[in-house]
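Observations on the model geometry
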Amino acid sequence: MRYEDFYRRSIEQPESFWAEQARLIHWHTPPRQILDASQPPFRRWFVGGTTNLCYNALDRHLAERGEQLALAAVSSETGLTRELSYRELHREVNAFAAVLVSLGVERGDRVVIYLPNIAEAVFAMLACARIGAIHSVVFGGFAAHSLALRIDDAEPKLLIAADAGMRGGKTIPYLPLVEAALAEAKLVSPQVLVVDRGLAPQRSARSERYLDYATLRARHLGDEVPVAWLESNEPSYLLYTSGTTGKPKGIQRDVGGYAVAMAMSIRLIFDVAPGQVMFSTSDVGWAVGHSYNVYGPLIGGATSLLYEGLPAHPDPGVWWRLCERYGVRSMFSSPTAIRVLKKQDAAWLKKYDVSALKWLFLAGEPLDEPTAQWITAGLGVPVIDNYWQTETGWPAITLMPGLELKPVKFGSPGLPAPGYRLKVIDEASGDEAAPGEKGVLVFEPPLPPGCLSTVWRDDARYVASYFEHFKPLLYSSLDWAIRDADGYTTILGRTDDVINVAGHRLGTREIEESVAAHPGVAEAAVVGVQDELKGQVPVVFATLRQGVGETPGQAAAGMRRCVVEQLGSIARPARIYVVNALPKTRSGKLLRRSLQALCQQADPGDLSTLDDPAALDEVRRALQRGPDD
Ligand code: ATP
Ligand code: MG
């Protein structure tokens, strides 16, 4: 079917469109009403229908594909691989669910999961879903303070943690972090269940009191736990946003709408059919991990490949070896990860047989054209940029190769996904921007199935954060965008990152893109810094590619030339700093606001999500030393 017809139906006849998609999943009782949008901006999908995410991910497949590989969890850190068929995964999840029940966890209770990217994280999530407990996965790389904030907000009955994670060969004990978080958390003191990987033998006195998963598992292996049939709009899980722009929000997802969005998107966007293999390099702690490492592929009867480790460790061929070994069809990663690989020899991309690979999807940050070109040429498969947010839970702007592949346009994630009433509007007037004009990316309610239902226990924050920027009611993405005459949308950066030079509004992304057009550049971050004369001026921080052999001064001159050629002298960077690393969040997003603050001698703000503190020191040193041009 043509994309245009499909999309148009989703907008013009949402109820019949989504009623049809709803048949992709199992309903214990069918919905009474497809859409209730009587209280905007809230909306409820598949009202009165009851279903269960775990049942749809596992039980439903047992008859037809019980022996098929459901999950392969590969760790390049420990060197261990765990492979489970649907039947084996079902057994583990049932045992885990029985453990939860034995610990008094009930429907509606919250369970915080603080685990690395290992099979047990998947078991724990599905076990919660099975009994109707609400999971809140906290990325294992987060420090104690970030964990404490999320514990206090979710008020869990149980916290599931590992003894340790690993990163680049280094063990990171988790239990000291758990202890610090529990000491800081004010509201609750949950029981702690420990998945002991045998990585961190030293234990504190307190950790002796923790429950041991292996012991409890042994007691419950073979148990069958009945699924809890949940009303479509009951909460399934909470997931906090990355916090790039402020205090993280507890995004609340429903059950039925999310299941339907997963079943549709795994087929029509990611082009993965039952029995095929999906490899998402994300961590289960992120939105991508929830949707395309766990729920999407399993609801779709596919095989999910889970990876613990770095993109270039032990060597930059590790992901392509896995593609070869498992016959991966669709792969999902981030521009940040590809830029890490781009610093390495491109020969690694050709070393393994990746002929089963059809598509590489990338999301999370703007995908600059040089990086997209590099990986497309290196792998010989189309690269599909897709735009989404933790809030949306699945791509909002993408191409849909499982339906019909529209032409890839470098720099743009493409066209709106079904159900997204996308508009680009003028920030001041609220009028729709003409093609080629910049504006704010918004979605007209009702949001499609799968998107957030609210902010956990804070309907007011849901309305205020997303729907009060414009009248009439519109969901604001807080991203700045531009649409071309074919309807392809390009993201220009976050609205609060926009740089205002002498009255001209420039997206950080536009300037970053032209800086990266200089061949010596690996990665660039651009921020607007106060200037008495011009209001703001662009300041560039860039890392260089290995082996190009330019001095920082030569590279800076090249970058400036590219910007002036592509965007004009209005965008000319005031200062360019060459550094070894850029400060990013744990999810790989540039912390432009911290960079901007440092440039203006201000407080860099909340750094609890900062990945590598050394990167910030780098920037401080560069600022002291002065620009490289
Ligand atoms: P917070 O909302 O707490 O500040 P965050 O916005 O960084 O955190 P996420 O939901 O993980 O948290 O990230 C979504 C954002 O990532 C988008 O709003 C957009 O700015 C950026 N993004 C995601 N995909 C793309 C893409 N394909 N192109 C450009 N930007 C993207
Ligand atoms: Mg956001």
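The structure this text deals with has already been given above.
Residues numbered from 1 in each chain as written. Chains lettered and ligands numbered in written order. Predicted model: local features only at pLDDT ≥ 70, side-chain atom pairs only at ≥ 80, totals over all residues. Heavy atoms only, no water.

As a further point, take the sheet that holds strand 18 (residues 330-333). Taken in spatial order, the seven strands make up an open sheet running 5-4-17-16-18-19-20, and their pairing is mixed. The sheet is open, and its two edges are formed by strand 5 (81-85) and strand 20 (383-385), each paired on a single side. Going from strand to strand, the sheet's axes swing by 15 degrees on average, the running direction of each strand aside. Two elements, strand 19 (residues 359-362) and strand 20, share three bridges in a ladder whose sense is parallel. The residue of strand 20 that forms the bridge with leucine 360 is valine 383. (Pairing = 2+ DSSP bridges. Helix = DSSP H or I, 4+ residues; strand = E, 2+ residues; numbered from the N terminus. Axes fitted to C-alpha atoms, helices over the stretch in contact; angles between N-to-C directions.)

To continue, consider the environment of glycine 419. Looking at the secondary structure, you find glycine 419 in the loop between strand 22 (415-416) and strand 23 (421-425). For the pair formed by glycine 419 and serine 10, sequence separation is 409 residues and the distance between their alpha carbons is 5.1 Å. Those residues within four positions of glycine 419 in sequence are excluded, and the remaining contacts are Tyr7, Ser10, Ile11, Trp18, Pro446 and Pro448. (Contact = heavy atoms within 4.5 Å.)

We now examine a nonpolar patch on the surface. Together, Leu405, Val408 and Phe410 make up an exposed nonpolar region whose accessible area comes to about 220 Å². Tracing the sequence through the fold places leucine 405 in the loop between strand 21 (397-398) and strand 22. Taking the relative accessible area as the measure of exposure, leucine 405 reaches 40% and is therefore partly exposed. (Patch = residues over 30% accessible without salt bridge, like charges linked within 9 Å, V, L, I, M, F, W, Y side chains within 5 Å. Areas by Shrake-Rupley, 256 points an atom, 1.4 Å probe, with all protein chains shown as cover. Salt bridge = Lys/Arg side-chain N within 4 Å of Asp/Glu carboxyl O. Buried < 20%, exposed > 50% of the residue type's maximum accessible area, 1.4 Å probe, protein only.)

Let us look at the packing of helix 1 (residues 3-12) against helix 2 (residues 14-21). At a minimum axis separation of 5 Å, helix 1 and helix 2 run at an interaxial angle of 115 degrees. Between helix 1 and helix 2, the angle falls in the class roughly perpendicular. Two secondary-structure elements touch here, helix 1 through Phe6, Arg9, Ser10, Ile11 and Glu12 and helix 2 through Pro14, Ser16, Phe17, Trp18, Glu20 and Gln21. Residues belonging to the contact of helix 1 with helix 2 are distributed by class as follows: five nonpolar, three polar and three charged. (Parallel < 35°, antiparallel > 145°, perpendicular 65-115°, else oblique. Nonpolar A, V, L, I, M, F, W, Y, C, P; charged D, E, K, R; others polar.)

What follows deals with the packing of aromatic side chains. Taken as a whole, this structure holds 34 aromatic pairs when the rule is applied. Between phenylalanine 6 and phenylalanine 17, the aromatic rings sit 4.9 Å apart at their centres with planes inclined by 75 degrees, giving edge-to-face as the arrangement. With a gap of eleven residues between them, phenylalanine 6 in helix 1 and phenylalanine 17 in helix 2 connect regions that are remote in the sequence. Judged by its relative accessible area of 6%, phenylalanine 6 is buried. With a centroid separation of 6.0 Å and an interplanar angle of 45 degrees, the aromatic rings of tryptophan 45 and phenylalanine 46 are classed as tilted. Take tryptophan 45 and phenylalanine 46: they sit in the same class, and that class is buried. The residue whose ring lies beneath lysine 409 is tyrosine 488, and the NZ or CZ to ring-centre distance is 4.4 Å. (Phe/Tyr/Trp six-rings, centres within 6.5 Å; stacked < 30°, edge-to-face > 60°. Lys NZ or Arg CZ within 6 Å of the ring centre and 35° of its normal.)

Every α-helix carries 3.6 residues per turn, so stepping three or four residues along brings you back to the same face. Those residues of helix 15 (residues 459-466) that sit buried are Tyr462, Val463, Ser465 and Tyr466. Each element contacted by the buried residues of helix 15 is listed here: strand 15 (250-253), strand 25 (454-455) and strand 26 (475-483).

Of all hydrophobic cores here, the largest spans 141 residues; its most connected members are Leu89, Leu126, Ile160, Tyr295 and Trp394. At eleven residues, helix 6 (residues 119-131) tops the list of elements feeding residues into this core. Those residues in contact with leucine 89 that lie beyond four places of it in its chain are Leu58, Ala70, Leu71, Leu84, Phe123, Leu126 and Leu298. Core analysis: the next-biggest nonpolar cluster, separate from the first, contains 30 residues, Val318, Leu322, Ile338 and Ile375 among them. (Core = buried A, V, L, I, M, F, W, Y, C linked by side-chain atoms within 4.5 Å.)

Further remarks concern the pattern of salt bridges. Tallying each qualifying case throughout the model produces 38 salt bridges. A salt bridge links glutamate 120 to arginine 82, with the nearest nitrogen and oxygen atoms 3.1 Å apart. Separated by 38 residues along the polypeptide, glutamate 120 in helix 6 and arginine 82 in strand 5 bring together distant segments of the chain. The buried category is assigned to glutamate 120, whose relative accessible area is 14%. Of the residues examined, arginine 82 reaches a relative accessible area of 30% and is grouped as partly exposed. A salt bridge links lysine 409 to aspartate 486; its shortest N-O distance comes to 2.6 Å. Residue lysine 409 is found in the loop between strand 21 and strand 22, and its partner aspartate 486 is found in the loop between strand 26 and strand 27 (489-494); the two are separated by 77 residues along the sequence.

Attention shifts here to the pairing of strand 8 (residues 158-162). A regular strand places its side chains on the two faces of the sheet in alternate fashion. Of all five residues making up strand 8, five are buried, and the element is well covered by its neighbours. Residues Leu158, Ile160 and Ala162 line one face of strand 8 and the alternating positions Leu159 and Ala161 line the opposite face, and both faces are buried. Pairing of strand 6 (residues 110-114) with strand 8, which is carried by four bridges, proceeds in the parallel orientation. Note on strand 8: the bridge partner recorded for tyrosine 114 is alanine 161. Pairing of strand 8 with strand 11 (residues 191-195) involves five bridges; the strand directions are parallel.

A few words now on the environment of histidine 28. One can find histidine 28 in the loop between helix 2 and strand 1 (33-36). Given a relative accessible area of 44%, histidine 28 falls into the partly exposed group. Through-space distance from the C-alpha of histidine 28 to that of glycine 393 is 24 Å; in sequence the pair is 365 residues apart. Ignoring sequence-local partners within four residues, the contact set of histidine 28 consists of Thr50, Thr51 and Trp229.

With that settled, the discussion passes to the pairing of strand 24 (residues 438-444). In terms of burial, strand 24 is a largely internal element, five of the seven residues being buried. Sheet topology note: the strand 23/strand 24 ladder contains five bridges and is antiparallel. Pairing of arginine 421 across the sheet is with glutamate 444, part of strand 24. As paired strands, strand 24 and strand 26 are joined by five bridges and run antiparallel to one another.

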